[in-house]
Amino acid sequence: MQETDWDAVLEVVEDRARRWLESLPDRPVYRPADAAAVRERLADTLTDEGVAAERVVAELADGVDDFLAAHASGRYFGFVIGGLLPAAWGADLLATTWDQNAGLHHVAPGAAVVEQIAGEWLVDLLDLPAESSVGFVTGGQMATFTCLAAARHEVLRRAGWDVEADGLQGAPTVAVVVKADTHSTVPRALRFLGLGADSGMPVACDDQSRIDPADLRRVLEEITGPTVVAVEAGNVNTGAFDDFAAVAAAAAAHRERGNPTWVHVDGAIGLWSRACPSHRHLADGLEALDSWSTDAHKLLNVPYDSGLAVCRHRAAHRAAMSTHASYLMHAEGDERDQMDFNPEFSRRARGTAVYAALRSLGRDGVARIVARTSRMAERFAERLAASGRAEIRNEVVLNQVLVRWLADDGDHDGLADRVINRIQADGTAFFSGTTWHDERLMRISVSDRATDTSDVDRAVEALLRCAEQA
Ligand SMILES: *Cc1c(COP(=O)(O)O)cnc(C)c1O
């Protein structure tokens, strides 16, 4: 039996947390390491008698320290990875400390209402239909899964089929329409839903990975029956937004031909532009669609893991997710059971950090993150293009930049990977790569509120140095 000495553990946690946060501006952003190198620094034998709590925590923190990535350093530009907002961080620490089972209002009412309020703020901030429901999930993947489950429910319900009760065997075929350049989480969600990863009819995209509305209309005209369409606010490579007015018009015409239709928007990156006056126009028109997924752990800078699933059709959202059991106490009146809107049963009080983030930032603060990360992305594009060593492949509309490194010997693809490997080992900043429209490119994603001009300039200098050596 372990002693309960919270003070001793708290002391270690406070010390290691403080050291971590203070080290962020100067520590290497990343160090490549194979599993054996990490394992060497960690206790990897399970004992019979156990180890004192404060020692476990201290040795764990010290053991992994060299192998942690400084996502919140202001100079982590790989993938699409957000930084750390102080209010969200503090609230999340407390959410773990409170250890609430936040699935049902009656089990932990405080956590339920915090999440309810955060959901209302979110719908208001993103200017989505007021009747929308919100599910707090682990990330964009599960947000898309949740929304597409609601979509599957609703288009089949309108076709006279109860998919929740009867499943897909014998059901009317659900046609799935996706962009050729869709994010991999969309086919993965379709796979989880029994619709098949490759069932989606691909729609052509333009040179910025935006959906081609004429091709969408053509694909829809060939379909009869229940139809689910997925489009994007913020493509993972280019950051581009689809033409939502054209998508909504194509969907409306399809619906008028008698086909139950649902359009989902993957807004993991771009949905936040709705909260920013200078970027709002990019996402105009998506409010006419049916569901929206986004991430709080990207541009909102909430700690991992935090995604948001928003549906215009609350009843469909609820039908797809809710469950009942005789031993549970379900919400009454204006209460909200989290379990009705996310796929988990027991779960952490996930909405707490989102509540704290939105309250601390306010509308202006969210707008500032969107505007500033976009400005920093533009600065990258300008400085790298001006160097003569690189070309920018995308129109930089938000926080994403695609860089083509120019090799003297013409092997631009090879140079891209060499620069990426060098900068990752260098540790000044972190960038990752992509293959996009048959070219090997370096991707830049500015998703941390902390990134400032000096971070961008330091990162550009390091990149040019690596390109010289590569
Ligand atoms: C990051 C991302 C996702 C997946 O989100 P997770 O939070 O990693 O599950 C989906 N779509 C796009 C466009 C993304 O950038």
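Q: How should I be thinking about the overall build of the protein chain in this particular structure?
A: Helix and strand counts for the protein chain stand at 14 helices and 11 strands. Against the compact-globule benchmark of 23 Å for 470 residues, the protein chain has a radius of gyration of 23 Å, which places it among compact chains. Counting only C-alpha atoms and orienting by the principal axes, one finds that the protein chain spans roughly 65 × 60 × 45 Å. Buried residues in the protein chain amount to 52% of all 470 residues. Taking all contacts inside the protein chain whose residues are at least 6 apart in sequence as the whole, residues at least 24 apart take part in 73%. Here the protein chain displays about 20,500 Å² of accessible surface, and carbon together with sulfur accounts for 50% of that area. Each charge sign in the protein chain was given a centre, from 47 positive and 72 negative side chains, and these centres are 3 Å apart.

Q: Sorry, what's going on with helix α5 (residues 109–125) here?
A: Structurally, the α-helix is built with 3.6 residues per turn, so residues lying three or four positions apart point the same way. Over its 17 residues, α5 extends 24 Å from the first C-alpha to the last, a length consistent with the 24 Å expected when each residue adds 1.5 Å. Considering only its buried residues, α5 is in contact with β1 (133–137), β7 (307–311) and α12 (351–386). A positive backbone phi angle near 55° is found at Asp127, which sits one or two residues after α5.

Q: How should I be thinking about the pairing of strand β11 (residues 439–445) in this particular structure?
A: Two faces make up the sheet, and in a regular strand the side chains alternate between them. Most of β11 sits inside the fold, with 6 of its 7 residues counted as buried. Across 4 bridges, the pairing between strand β9 (residues 400–405) and β11 is antiparallel. Counted as the bridge partner of Val401 is Ile444 from β11. Inspection of the sheet shows strand β10 (residues 432–436) paired to β11 by 5 bridges, in the antiparallel sense. Across the sheet, the residue bridging to Thr435 is Arg440, located in β11.

Q: Which parts of the structure should I look at to understand the packing of α5 against α12?
A: For any two helices packed against each other, one specifies the crossing angle of their axes together with the interaxial distance. It is the contact of α5 with α12, at a shortest axis distance of 9 Å, that shows an interaxial angle of 30°. As for the relative orientation of α5 and α12, their crossing is left-handed in sense. Between α5 and α12, the residues in contact are Val114, Glu115, Ile117, Ala118, Trp121, Leu122, Asp124 and Leu125 and Gly351, Thr352, Val354, Tyr355, Leu358, Arg359, Arg363 and Val366, respectively. Taken together, the residues that form the contact of α5 with α12 break down as 10 nonpolar, 2 polar and 4 charged.

Q: What should I look at first to understand the sheet that holds β1 in this one?
A: The pairing of strands in a sheet comes from backbone hydrogen bonds and takes either a parallel or an antiparallel form. Across the sheet, which stays open at both edges, the 7 strands sit in the order β1-β7-β6-β5-β4-β2-β3 with mixed pairing between neighbours. What marks the edges here is a single partner per strand, and that holds for β1 and β3 (201–203). Pairs of neighbouring strands in the sheet enclose a mean axial angle of 20°, with direction left out of account. As paired strands, strand β5 (residues 261–266) and strand β6 (residues 291–295) are joined by 3 bridges and run parallel to one another. Across the sheet, the residue bridging to His264 is Ser291, located in β6. Sheet strands touched by helix α6 (residues 140–158): β1, β4 (227–232), β5, β6 and β7. Its angle to β5, the strand with the most contacts, is close to 175°.

Q: Just to check I follow, could you spell out the site of the ligand for this structure?
A: The ligand sits among 13 residues. The nearest are Gly140, Gln141, Asp266, His297 and Lys298. Lys298 places a polar side-chain atom, nitrogen or oxygen, 2.8 Å from an oxygen atom of the ligand. In the complex, the protein chains occlude 84% of the 380 Å² of accessible area that the ligand would expose alone. For the shell around the ligand, the residue count by class is 3 nonpolar, 7 polar and 3 charged.

Q: Is there a simple way to explain the pattern of salt bridges in this structure?
A: Side chains that differ in sign of charge can pair as their charged atoms come close. Under the counting rule described, the total for this entry stands at 40 salt bridges. One salt bridge connects Glu154 with Arg158, and the closest N-O pair in it is separated by 2.9 Å. A residue pair is termed a helical-turn pair when its members lie 3 or 4 positions apart in one helix, as Glu154 and Arg158 do in helix α6 at 4 residues. In this structure Glu154 comes out as buried when scored by relative accessible area, which is 7%. The closest approach of N and O atoms between Arg404 and Asp413, which form a salt bridge, is 2.7 Å. Judged by relative accessible area, which is 8%, Arg404 ranks as buried. Taken together, the shared-partner salt bridges in this structure form one network comprising Glu391, Arg393, Arg404, Asp413 and Glu439.

Q: Which parts of the structure should I look at to understand the packing of helix α4 (residues 86–98) against α12?
A: Here α4 crosses α12 at 155°, and the two axes come no closer than 8 Å. It follows that α4 is roughly antiparallel to α12 by the angle criterion. The way α4 lies across α12 gives a crossing that is right-handed. Packed against α4, whose contacting residues are Ala87, Ala88, Ala91, Asp92, Ala95 and Trp98, the element α12 presents Thr352, Ala353, Ala356, Ala357 and Ser360 at the interface. Looking at the contact of α4 with α12, its residues break down into 8 nonpolar, 2 polar and 1 charged.

Q: For this particular structure, what's the right way to read the pairing of β7?
A: Burial within β7 is extensive, with 5 of its 5 residues counted as buried. Across the two faces of β7 the burial is the same, with Gly307, Ala309 and Cys311 and Leu308 and Val310 all buried.

Q: Whenever I open this one, a negative patch on the surface confuses me. Can you help?
A: Residues Asp5, Asp7, Glu11 and Glu54 make up a contiguous surface patch of negative charge. Along the chain, Glu54 turns up in helix α3 (residues 53–64).

Q: I tried to follow the environment of His437 on my own but got confused; where do I start?
A: Tracing the backbone shows His437 in the loop between β10 and β11. We classify His437 as partly exposed; its relative accessible area is 39%. Separated by 296 residues in the primary sequence, His437 and Gln141 have C-alpha atoms spaced 24 Å apart. Excluding residues within four positions of it along the chain, His437 makes contact with Asp181, Asp206, Asp207 and Ser209. A polar contact is formed between the side chain of His437 and the side chain of Asp181, at a distance of 3.0 Å.

Q: Quick question: what am I supposed to make of the nonpolar core here?
A: Nonpolar side chains tend to gather and get buried jointly when the protein is soluble and globular. Among the nonpolar cores identified, the biggest contains 56 residues, and Leu216, Val231, Trp272, Leu286, Leu289 and Leu300 are the most heavily contacted of them. For this core, the element with the most residues is α12, which contributes 9 residues. One finds Met142, Ala189, Leu193 and Trp262 within the second-largest nonpolar core, a separate group that totals 28 residues.

Rules used in this analysis
- Residues numbered from 1 in each chain as written.
- Predicted model: local features only at pLDDT ≥ 70, side-chain atom pairs only at ≥ 80, totals over all residues.
- Heavy atoms only, no water.
- Helix = DSSP H or I, 4+ residues; strand = E, 2+ residues; numbered from the N terminus.
- Rg over C-alpha atoms; globule rule 2.2 N^0.38 Å.
- Buried < 20%, exposed > 50% of the residue type's maximum accessible area, 1.4 Å probe, protein only.
- Contact = heavy atoms within 4.5 Å.
- Areas by Shrake-Rupley, 256 points an atom, 1.4 Å probe, with all protein chains shown as cover.
- Lys, Arg positive; Asp, Glu negative; His and termini not counted.
- Charge placed at Lys NZ, Arg CZ, Asp CG, Glu CD.
- Expected span 1.5 Å × (residues − 1).
- Pairing = 2+ DSSP bridges.
- Axes fitted to C-alpha atoms, helices over the stretch in contact; angles between N-to-C directions.
- Left-handed = near helix turned anticlockwise from the far one by under 90°.
- Nonpolar A, V, L, I, M, F, W, Y, C, P; charged D, E, K, R; others polar.
- Near = heavy atom within 4 Å.
- Polar contact = N/O pair within 3.5 Å; in protein donor to acceptor, adjacent residues only side chain to side chain.
- Salt bridge = Lys/Arg side-chain N within 4 Å of Asp/Glu carboxyl O.
- Parallel < 35°, antiparallel > 145°, perpendicular 65-115°, else oblique.
- Patch = residues over 30% accessible without salt bridge, like charges linked within 9 Å, V, L, I, M, F, W, Y side chains within 5 Å.
- Core = buried A, V, L, I, M, F, W, Y, C linked by side-chain atoms within 4.5 Å.

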